[in-house]
Amino acid sequence: MTTTLTRQTVPPAPEGRRHMLVRRWLTAITIVLLVGIPAGYLVISAEQSRASGRDKEAESSATGLRDKWPSLMKRRIFEVPIPEGSWRVGYYETSNWKTSRLYVQFRTTPNGLDTFLKGVGTSRAALEDGKVTINDRDSEVAGWNFGLKGRAWAGTTHANKDPRPTQDITVDLTEPAKPWVYVVSTATP
(Lines give C-alpha, C1' and ligand atoms only; values in the text may rest on other atoms or scores of the structure.)
Protein backbone atom coordinates (compact mmCIF):
# COMPACT_ATOMS: atom_id res chain seq x y z
CA MET A 1 0.00 0.00 0.00
CA THR A 2 1.24 3.30 -0.95
CA THR A 3 0.87 6.21 1.22
CA THR A 4 1.20 9.61 -0.10
CA LEU A 5 2.39 12.28 2.02
CA THR A 6 0.63 15.47 1.51
CA ARG A 7 2.55 18.55 2.07
CA GLN A 8 0.78 21.30 3.61
CA THR A 9 1.77 24.69 2.43
CA VAL A 10 2.70 26.92 5.20
CA PRO A 11 1.65 30.48 4.64
CA PRO A 12 4.58 32.90 4.74
CA ALA A 13 5.09 34.70 7.93
CA PRO A 14 3.68 38.19 7.78
CA GLU A 15 6.29 40.82 6.93
CA GLY A 16 7.30 42.91 9.86
CA ARG A 17 6.70 46.64 9.70
CA ARG A 18 10.41 47.46 9.94
CA HIS A 19 11.28 45.10 7.10
CA MET A 20 8.50 46.56 4.94
CA LEU A 21 9.74 50.14 5.50
CA VAL A 22 13.35 49.21 4.67
CA ARG A 23 12.21 47.42 1.47
CA ARG A 24 10.16 50.44 0.38
CA TRP A 25 13.02 52.85 1.06
CA LEU A 26 15.46 50.70 -0.92
CA THR A 27 12.98 50.54 -3.81
CA ALA A 28 12.51 54.32 -3.75
CA ILE A 29 16.25 54.98 -3.64
CA THR A 30 16.83 52.57 -6.54
CA ILE A 31 14.17 54.27 -8.67
CA VAL A 32 15.56 57.72 -7.88
CA LEU A 33 19.08 56.62 -8.83
CA LEU A 34 17.97 54.87 -12.01
CA VAL A 35 15.89 57.85 -13.16
CA GLY A 36 17.50 60.82 -11.44
CA ILE A 37 21.12 60.36 -12.49
CA PRO A 38 20.39 60.08 -16.24
CA ALA A 39 17.88 62.94 -16.01
CA GLY A 40 20.45 65.12 -14.25
CA TYR A 41 23.04 64.25 -16.86
CA LEU A 42 20.60 65.23 -19.64
CA VAL A 43 19.86 68.58 -17.98
CA ILE A 44 23.58 69.40 -17.58
CA SER A 45 24.35 68.28 -21.15
CA ALA A 46 21.49 70.32 -22.58
CA GLU A 47 22.65 73.46 -20.76
CA GLN A 48 26.22 73.03 -22.00
CA SER A 49 24.93 72.56 -25.53
CA ARG A 50 22.77 75.69 -25.31
CA ALA A 51 25.70 77.73 -23.98
CA SER A 52 27.90 76.51 -26.82
CA GLY A 53 25.20 77.42 -29.32
CA ARG A 54 24.89 80.90 -27.86
CA ASP A 55 28.67 81.43 -28.18
CA LYS A 56 28.64 80.28 -31.80
CA GLU A 57 25.61 82.45 -32.57
CA ALA A 58 27.29 85.52 -31.08
CA GLU A 59 30.44 84.86 -33.08
CA SER A 60 28.64 84.28 -36.37
CA SER A 61 26.40 87.33 -35.95
CA ALA A 62 29.32 89.66 -35.23
CA THR A 63 29.72 92.39 -37.83
CA GLY A 64 33.14 93.67 -36.89
CA LEU A 65 36.10 93.08 -34.65
CA ARG A 66 35.40 91.35 -31.36
CA ASP A 67 37.48 92.54 -28.41
CA LYS A 68 38.93 89.19 -27.45
CA TRP A 69 41.59 86.73 -28.47
CA PRO A 70 40.76 84.33 -31.28
CA SER A 71 40.77 80.71 -30.17
CA LEU A 72 44.05 78.81 -30.30
CA MET A 73 42.56 76.67 -33.06
CA LYS A 74 41.80 79.74 -35.22
CA ARG A 75 45.29 81.10 -34.60
CA ARG A 76 46.79 77.79 -35.71
CA ILE A 77 44.59 77.35 -38.79
CA PHE A 78 45.20 80.91 -40.01
CA GLU A 79 48.82 80.90 -38.78
CA VAL A 80 48.53 84.08 -36.73
CA PRO A 81 50.78 83.56 -33.66
CA ILE A 82 49.79 86.47 -31.43
CA PRO A 83 52.66 86.89 -28.95
CA GLU A 84 52.06 86.52 -25.23
CA GLY A 85 51.69 89.84 -23.46
CA SER A 86 49.91 91.52 -26.38
CA TRP A 87 46.96 93.73 -25.51
CA ARG A 88 43.99 95.39 -27.24
CA VAL A 89 43.54 92.15 -29.18
CA GLY A 90 40.55 91.92 -31.49
CA TYR A 91 39.51 89.60 -34.29
CA TYR A 92 36.83 88.94 -36.87
CA GLU A 93 36.37 85.92 -39.12
CA THR A 94 34.54 85.62 -42.42
CA SER A 95 33.96 82.43 -44.37
CA ASN A 96 32.29 81.42 -47.57
CA TRP A 97 32.62 78.52 -49.96
CA LYS A 98 35.64 80.08 -51.67
CA THR A 99 37.77 81.77 -49.00
CA SER A 100 38.05 82.25 -45.27
CA ARG A 101 39.65 85.29 -43.68
CA LEU A 102 40.75 86.05 -40.15
CA TYR A 103 41.18 89.75 -39.35
CA VAL A 104 43.34 90.34 -36.27
CA GLN A 105 44.67 93.45 -34.57
CA PHE A 106 46.78 93.73 -31.45
CA ARG A 107 49.24 95.99 -29.73
CA THR A 108 52.55 94.57 -28.62
CA THR A 109 56.16 95.38 -27.75
CA PRO A 110 59.09 95.54 -30.19
CA ASN A 111 60.14 92.04 -29.05
CA GLY A 112 56.54 90.87 -29.45
CA LEU A 113 56.51 92.22 -33.02
CA ASP A 114 59.71 90.34 -33.82
CA THR A 115 58.30 87.17 -32.24
CA PHE A 116 55.10 87.51 -34.26
CA LEU A 117 56.91 88.09 -37.56
CA LYS A 118 59.24 85.14 -36.90
CA GLY A 119 56.23 82.94 -36.04
CA VAL A 120 54.56 83.87 -39.32
CA GLY A 121 57.74 83.05 -41.24
CA THR A 122 59.09 86.50 -42.00
CA SER A 123 61.07 89.23 -40.24
CA ARG A 124 61.13 92.95 -39.60
CA ALA A 125 63.48 93.33 -42.59
CA ALA A 126 60.57 92.34 -44.87
CA LEU A 127 58.44 95.28 -43.67
CA GLU A 128 58.43 98.04 -46.29
CA ASP A 129 58.22 101.56 -44.85
CA GLY A 130 55.16 103.53 -45.94
CA LYS A 131 53.42 100.46 -47.33
CA VAL A 132 49.92 99.35 -46.34
CA THR A 133 49.39 95.78 -47.56
CA ILE A 134 45.77 95.41 -46.43
CA ASN A 135 43.43 96.40 -49.25
CA ASP A 136 40.52 98.83 -48.95
CA ARG A 137 37.89 96.07 -48.99
CA ASP A 138 39.50 94.21 -46.08
CA SER A 139 40.15 97.37 -44.07
CA GLU A 140 36.49 98.37 -44.51
CA VAL A 141 35.30 94.93 -43.36
CA ALA A 142 37.42 95.16 -40.21
CA GLY A 143 36.76 98.86 -39.62
CA TRP A 144 40.41 99.89 -39.95
CA ASN A 145 41.45 103.31 -41.29
CA PHE A 146 44.85 103.24 -42.96
CA GLY A 147 44.35 106.67 -44.52
CA LEU A 148 45.37 108.51 -41.35
CA LYS A 149 48.10 111.09 -42.00
CA GLY A 150 51.24 111.26 -39.91
CA ARG A 151 51.35 107.51 -39.26
CA ALA A 152 54.48 105.40 -39.73
CA TRP A 153 53.01 102.46 -41.67
CA ALA A 154 55.07 99.46 -42.70
CA GLY A 155 53.81 96.32 -44.35
CA THR A 156 54.54 93.00 -45.96
CA THR A 157 52.65 90.10 -47.47
CA HIS A 158 53.72 86.63 -46.47
CA ALA A 159 52.50 84.24 -49.17
CA ASN A 160 52.26 80.49 -48.67
CA LYS A 161 51.35 77.70 -51.07
CA ASP A 162 47.74 76.53 -50.83
CA PRO A 163 46.16 75.30 -48.61
CA ARG A 164 48.26 77.32 -46.15
CA PRO A 165 47.01 80.88 -45.57
CA THR A 166 48.58 84.06 -46.87
CA GLN A 167 49.01 86.91 -44.39
CA ASP A 168 48.80 90.61 -45.27
CA ILE A 169 50.54 92.38 -42.40
CA THR A 170 50.49 96.12 -41.75
CA VAL A 171 52.20 97.62 -38.72
CA ASP A 172 51.73 101.09 -37.25
CA LEU A 173 55.18 102.07 -35.95
CA THR A 174 54.19 105.61 -34.95
CA GLU A 175 54.95 104.64 -31.34
CA PRO A 176 57.91 102.27 -31.79
CA ALA A 177 57.70 101.02 -28.19
CA LYS A 178 54.05 99.99 -28.69
CA PRO A 179 53.44 99.04 -32.33
CA TRP A 180 49.97 98.16 -33.60
CA VAL A 181 49.81 95.04 -35.75
CA TYR A 182 47.02 94.46 -38.29
CA VAL A 183 46.76 91.10 -40.05
CA VAL A 184 44.42 89.64 -42.65
CA SER A 185 45.08 85.94 -43.02
CA THR A 186 43.36 84.46 -46.07
CA ALA A 187 42.90 80.72 -46.56
CA THR A 188 41.52 79.15 -49.72
CA PRO A 189 40.68 75.52 -49.07
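Overview of the structure.

Scoring rules and cut-offs
- Residues numbered from 1 in each chain as written.
- Predicted model: local features only at pLDDT ≥ 70, side-chain atom pairs only at ≥ 80, totals over all residues.
- Heavy atoms only, no water.
- Buried < 20%, exposed > 50% of the residue type's maximum accessible area, 1.4 Å probe, protein only.
- Helix = DSSP H or I, 4+ residues; strand = E, 2+ residues; numbered from the N terminus.
- Pairing = 2+ DSSP bridges.
- Salt bridge = Lys/Arg side-chain N within 4 Å of Asp/Glu carboxyl O.

In terms of burial, strand β4 (residues 153–158) is a largely internal element, five of the six residues being buried. Note that strand β3 (residues 128–129) and β4 share two bridges and pair antiparallel. Across the sheet, the residue bridging to D129 is A154, located in β4. In this sheet, strand β5 (residues 166–172) lies alongside β4 in antiparallel orientation, the contact comprising six bridges. Paired with A154 across the strands is V171, a residue of β5.

Moving on, we come to the pairing of strand β6 (residues 180–187). Regular strands place their side chains on alternate faces of the sheet. With respect to burial, β6 is a largely interior element, eight of its eight residues being buried. Side chains of β6 alternate between two faces, with W180, Y182, V184 and T186 and V181, V183, S185 and A187 buried alike. Pairing analysis gives eight bridges linking strand β2 (residues 100–107) to β6, with the strands arranged antiparallel. Residue pairing in the sheet places Y103 in a bridge with V184 of β6.

Moving on: the pattern of salt bridges. Counted by the stated rule, this structure contains nine salt bridges. Between R124 and D114 there is a salt bridge; the shortest N-O distance is 2.9 Å. In this pair, R124 is assigned in the loop between α3 (110–120) and β3 and D114 in helix α3, connecting sequence segments 10 residues apart. The partly exposed category is assigned to R124, whose relative accessible area is 34%. Between R151 and D172 there is a salt bridge; the shortest N-O distance is 3.3 Å. Here the residue R151 occupies a position in the loop between α4 (136–142) and β4, and D172 occupies one in strand β5, the gap between them amounting to 21 residues. Take D172: its relative accessible area is 2%, and that puts it in the buried class. One network of salt bridges, with partners in common, ties together R101, R137 and D138.

Just geometry here; none of it tells us what the structure is for.
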